[in-house]
Amino acid sequence: MRQFPLEMHQMAPGRVVEWRLRSTTGAPAGTGGTDGAPDDTAGRRASFNQDKHFTVAEESRGADDPVASWVAVTFEVAGALDEQSLTRALLAFVRRHEVLRCEFRRLAGELACEPIPVGELALDAVPVAAFDTSEALRGFLAERFTRSIDTLSWPLFTMGAVLREDSATVYLAFDHIVCDGLSMPIVVHEVQNAYEALCRGEEIDLPPAPSYLDFAEEQRRRYLSIDADDERLGYWKSFMARGGGEFFPRFPLELGVEPDRMYPIVNEASTLLDAAEAEVFEKACRAVDGKPFMGVLAAVAVCLREAGGPGVYRGFMPLSERGRGGWANSVGWFVNTLPIEFDASPGRDFAQVIAGVRAGFGAMMEHIDVPFVRAWQLLAPTEFAARSWPYPVNFFSYIDARKCPGAERHEDWRPTSHVWSARANGACSWFQRDTDGLHMNSLYVDTAAARRTMEDFQEALRATVREIARHGSFRRPIALTAPRRPAGEPLGAGFGAGLGAAAPIGAGSLPNDTAPYAPYTHRS
């Protein structure tokens, strides 16, 4: 399961049908009924991630500077589509995950998260249009996702399918407030299994999926009352102290961005290692007591250092919190983001850098509890008040799709995931491992400097991971084009996250490591 631009999807044309969700009562969630009177029993609250995301949307709308983004998934159904069975499967999916039924409202400063009762939901199948070419279809879907998904309006996702005589492509696109990147394989697994069961005349049988709202409630109970002096923020404070007091770690490659300005994006994807190379790369990492994600991160650090960056790698890393409380089958925004730091100085070999990554990762995991947004709010209140990360931020995300729910059926279902953001002030890269190899998807600012930097970085990284696969070591330094910085600008403005939201879209990671596409670039 790969993540790449929607414009890269070789989706066959066909007839588009959408399934539109509605409340049968006609009343918004959290009201007493059709008269719209407030429901005093409503009391669910959003998570810290959701609250910040919603606040950014509110403030952007108020400033007539709206932020647009989405995360989407597609998968294939063999044979003529049974529309009735898919309708039932999609409705069961929405009913199963409480966060998808939620309407978000600001109440007395708090973000209320009010789910519509299961029995009040209905789905209507609506014919949309027929398309004769893949290009026209992709254009329609991209525009449809952008226009229909709004953080401030319910429903917060759209569902549909492209129907043909002997196959169908099902698609779902979401606002980030209800999901993360690791929700996408869960979507595919559940909808496909439900659909196949219903086609066989069987009942839907899926493992338990606790509500993300319960996760949010527990998180707020534990961390809403902490202050900046809380000892649990010690890891963050130490990281900041070693970085000149900055909360956000900069990356030292030039992107040509100006302060306080957002830019259109470039969205590109390519394969770094094919399936055989990725297997050998993993063995090379295991041979020095590392894991594949550690090897990729070590290679990233060395490439950045060779471009003129510091010998000590400092960056953010998103982590999934699903495995800590039985949330493995739940849809929601379960990502926490923490800083990681390790030594990648010149002269250190692959085993030594891996040892540094392993030690840095271990130290980071000891402090995974504190929510990123809460640490940001307490330790960097000035930056927290802004609508985006303050500058390009160094960021690393890795997902092993082979360990996701339903991975054993991915060859049949051919799932894909896609992320999009209208604007950014930096760059963000996601690395994915699947049965076809190791892949990279990057969104970054559309400037001449950023295009040069990202092209050089990607080529250097590809050469470095291949050297590791072939020789079990860095073997030789991989040089990038020397970074170009405006006169007087300090080394450190560069590549990272900061896509104009509270956290990168779809960010996720599986640090426990529980047919290739050609390179593609799309400019918004």
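Conventions used here
- Residues numbered from 1 in each chain as written.
- Predicted model: local features only at pLDDT ≥ 70, side-chain atom pairs only at ≥ 80, totals over all residues.
- Heavy atoms only, no water.
- Helix = DSSP H or I, 4+ residues; strand = E, 2+ residues; numbered from the N terminus.
- Contact = heavy atoms within 4.5 Å.
- Phe/Tyr/Trp six-rings, centres within 6.5 Å; stacked < 30°, edge-to-face > 60°.
- Buried < 20%, exposed > 50% of the residue type's maximum accessible area, 1.4 Å probe, protein only.
- Expected span 1.5 Å × (residues − 1).
- Arc of directions from axis to C-beta.
- Pairing = 2+ DSSP bridges.
- Axes fitted to C-alpha atoms, helices over the stretch in contact; angles between N-to-C directions.
- pLDDT = per-residue confidence, 0-100.
- Salt bridge = Lys/Arg side-chain N within 4 Å of Asp/Glu carboxyl O.
- Polar contact = N/O pair within 3.5 Å; in protein donor to acceptor, adjacent residues only side chain to side chain.

Visitor: Tell me what's going on with the environment of R358, and back it up with residues and numbers.
Guide: Mapped onto the elements of the fold, R358 is located in helix 9 (residues 350-365). Residues R358 and F342, 16 residues apart in the sequence, show an inter-C-alpha distance of 8.7 Å. Other than its neighbours up to four places away in sequence, R358 contacts V288, D289, G290 and M294.

Visitor: Quick one: what's the story with the packing of aromatic side chains, residue by residue and with numbers?
Guide: For the coordinates displayed, the defined rule picks out 32 aromatic pairs. Between W236 and F316, the ring centres sit 5.8 Å apart and the planes meet at 70°, which makes this aromatic pair edge-to-face. Pair noted here: W236 is in helix 6 (residues 234-241) and F316 is in strand 10 (residues 312-320), with a separation of 80 residues, a long-range link. By the burial criterion, W236 is buried, and F316 matches it. Taken together, a centroid distance of 6.2 Å and an interplanar angle of 70° make the contact between F247 and F316 edge-to-face.

Visitor: With reference to specific residues and values, describe helix 5 (residues 212-223).
Guide: Under the 1.5 Å per step criterion, the end-to-end length of helix 5 is 16 Å for twelve residues, consistent within 8% with the ideal 16 Å. Among the residues making up helix 5, those that are buried are Y212, L213, F215, A216, Q219, R220 and Y223. Down the axis of helix 5, the smallest arc covering the buried residues is 155°, so these residues share one side. Tucked inside the fold, the buried residues of helix 5 contact helix 1 (48-62), strand 4 (102-107), strand 5 (110-115) and helix 10 (372-379).

Visitor: Talk me through the sheet that holds strand 3 (residues 69-78); I want residue IDs and the actual numbers.
Guide: The sheet built from seven strands is open, its strands ordered 1-13-3-8-7-2-6 with mixed pairing. Two strands lie at the open edges of the sheet, namely strand 1 (2-3) and strand 6 (121-130), each paired on one side alone. As paired elements, strand 2 (residues 15-23) and strand 6 share nine bridges and run antiparallel to each other. Along strand 6, the bridge assignment pairs V16 with A129. In this fold helix 3 (residues 134-148) packs onto strand 2, strand 3, strand 6, strand 7 (157-163), strand 8 (167-174) and strand 13 (416-421), with an angle of close to 15° to the strand it touches most, strand 2. Of the strands in this sheet, strand 3, strand 8 and strand 13 touch helix 4 (residues 183-199), which is tilted by about 35° from strand 3.

Visitor: I'd like to hear about the confidence of the model for the chain, residue by residue, with values.
Guide: Model confidence for the chain is summarised by a mean pLDDT of 89, while 87% of its residues fall at 70 or above. Contacts from residues 30-41, a stretch scored under 50 in pLDDT, to residues over four places away or in other chains number 14 contacts. Counting contacts from residues 477-521, a segment whose pLDDT is below 50, to residues more than four positions away or on other chains yields 167 contacts.

Visitor: I'd like a description of the pattern of salt bridges, backed by residues and values.
Guide: On inspection of all chains with the given rule, the structure shows 35 salt bridges. R222 is paired through a salt bridge with D369; the nearest N and O atoms lie 2.6 Å apart. With R222 in helix 5 and D369 in the loop between helix 9 and helix 10, this residue pair connects regions lying 147 residues apart in the sequence. Given a relative accessible area of 32%, R222 falls into the partly exposed group. It is possible to trace a salt-bridge network through shared partners that takes in E279, E282, R286, D400, R402 and R433.

Visitor: I'd like a rundown of the environment of N329, residues and numbers included.
Guide: Inspection of the secondary structure assignment puts N329 in the loop between strand 10 and strand 11 (335-343). With 144 residues separating them in the primary sequence, N329 and P185 have C-alpha atoms 9.7 Å apart. Ignoring any residue separated from it by four or fewer positions in sequence, one finds N329 in contact with R96, H97, I186, E190, P207, P208 and A209. In terms of polar contacts, N329 uses its side chain to reach the backbone carbonyl oxygen of P208, at 3.4 Å.

Visitor: Please give an account of the pairing of strand 13 that cites residues and values.
Guide: Within strand 13, six of the six residues are buried, which leaves the element mostly enclosed by the surrounding structure. By the alternation rule, side chains of strand 13 split into T416, H418 and W420 and S417, V419 and S421, which are all buried. Examined bridge by bridge, strand 1 and strand 13 share two bridges and lie parallel to one another. From the neighbouring strand, R2 faces strand 13, where its bridge partner is T416. Examined bridge by bridge, strand 3 and strand 13 share six bridges and lie antiparallel to one another. In the sheet register, W70 faces strand 13, and the bridge partner there is W420.

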